[in-house]
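Residue strings, one per chain:
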Amino acid sequence: MPRNARRAQLLDSALGVFVAQGYHAAAMDDIADRAGVSKPVLYQHFPGKLELYLALLDQSCDTIIDATREALKSTEDNKQRVAATMHVFYDYVADAQGAFRLVFESDLTNEPAVRERVDRVTTECASEIATVIHEDTGLPDEQSRLLAVSLVGMAQVSARFWLDDPRDIHKADAAQLVSSLAWRGIRGFPRTDEPS
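Residues numbered from 1 in each chain as written. Predicted model: local features only at pLDDT ≥ 70, side-chain atom pairs only at ≥ 80, totals over all residues. Heavy atoms only, no water.

Colleague: Would you take a moment to explain the environment of threonine 123 for this structure?
Modeller: As for its placement among the helices and strands, threonine 123 is situated in helix 7 (residues 112–137). In the structure, threonine 123 is positioned 102 residues away from glutamine 21 in sequence and 27 Å away in space, judged by C-alpha atoms. (Helix = DSSP H or I, 4+ residues; strand = E, 2+ residues; numbered from the N terminus.)

Colleague: Can you walk me through the UniProt feature "DNA-binding region" (unreviewed entry) in the chain in this structure?
Modeller: The sites that carry the UniProt feature "DNA-binding region" (unreviewed entry) are, in the present numbering, residues 27–46. Helix makes up 75% of residues 27–46 and strand 0%, and the two end C-alpha atoms of the span are 13 Å apart. (UniProt positions renumbered as here; feature names shortened; annotations may be inferred.)

Colleague: Please clarify how the side chain of threonine 68 should be interpreted in this entry.
Modeller: Its place among the elements puts threonine 68 in helix 4 (residues 49–73). In contact with threonine 68, other than residues within four places in its own chain, are Thr85, Val88, Phe89 and Cys125. (Contact = heavy atoms within 4.5 Å.)

Colleague: Can you walk me through the pattern of salt bridges in this structure?
Modeller: In this structure the tally under the stated criterion is 14 salt bridges. Its salt-bridge partner being glutamate 105, residue arginine 101 comes within 2.6 Å of it at the nearest N-O pair. Between glutamate 124 and arginine 120 there is a salt bridge; the shortest N-O distance is 3.5 Å. Remark: arginine 120 and glutamate 124 occur in helix 7; sequence separation between them is 4 residues, near one turn of the helix. Shared partners join several salt bridges into a network, and the residues in it are Asp62, Asp66, Arg69, Arg120, Glu124 and Glu128. (Salt bridge = Lys/Arg side-chain N within 4 Å of Asp/Glu carboxyl O.)

Colleague: Could you clarify how one ought to interpret the packing of aromatic side chains in this entry?
Modeller: The geometry of two aromatic rings is summed up by the distance between their centres and the angle between their planes. For the coordinates displayed, the defined rule picks out 5 aromatic pairs. Plain terms: the ring middles of phenylalanine 18 and tyrosine 53 are 4.9 Å apart, the flat faces sit at 85° to each other, and that makes the pair edge-to-face. Placement of phenylalanine 18 in helix 1 (residues 3–25) and of tyrosine 53 in helix 4 is noted, with a sequence separation of 35 residues between them. In this structure, phenylalanine 18 and tyrosine 53 share a single accessibility class: buried. Of note, lysine 49 hangs over the ring of tyrosine 23, and the distance from its end group to the ring centre comes to 4.4 Å. (Phe/Tyr/Trp six-rings, centres within 6.5 Å; stacked < 30°, edge-to-face > 60°. Buried < 20%, exposed > 50% of the residue type's maximum accessible area, 1.4 Å probe, protein only. Lys NZ or Arg CZ within 6 Å of the ring centre and 35° of its normal.)

Okay, structure coming up:
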């Protein structure tokens, strides 16, 4: 198998083990078994469990950051931007592979390298959103950033709550409901090109 394909296979297998067992309980033996390879093959690609976890975490973080960036670029209509961004978080937590658990529910957040990556999701998503807020409203960077972090927090926390809540609200309905709440708040900061 080509090196890149093998690496992808190992990351996929590791995801299943880490999501099911958490970092501390997961063993490299379990990951190698799930991938159908020997431990030496696993160690050829990743020198240790932490390096494997970090590679997987980087991949998971990039997924949501890139999706947020694309949602913001998908339209110039800010109401639709809010909805598209909210849907990114709901889609992310609803993914059957459960990668969001590594990012938002990691049992290794006391490890500085993990904390840095987990924080990167909020930081980079908020940075993208803050740029739009600043450009549209003329608010100072610090205020735009605070509003953006608040929107990211609303998206992430509500999506995780929705996933774990036993009541049955369809994903699209839940994302739309929360995006309506977010839009009602953020539209209070009018675009600078709108008449007052």
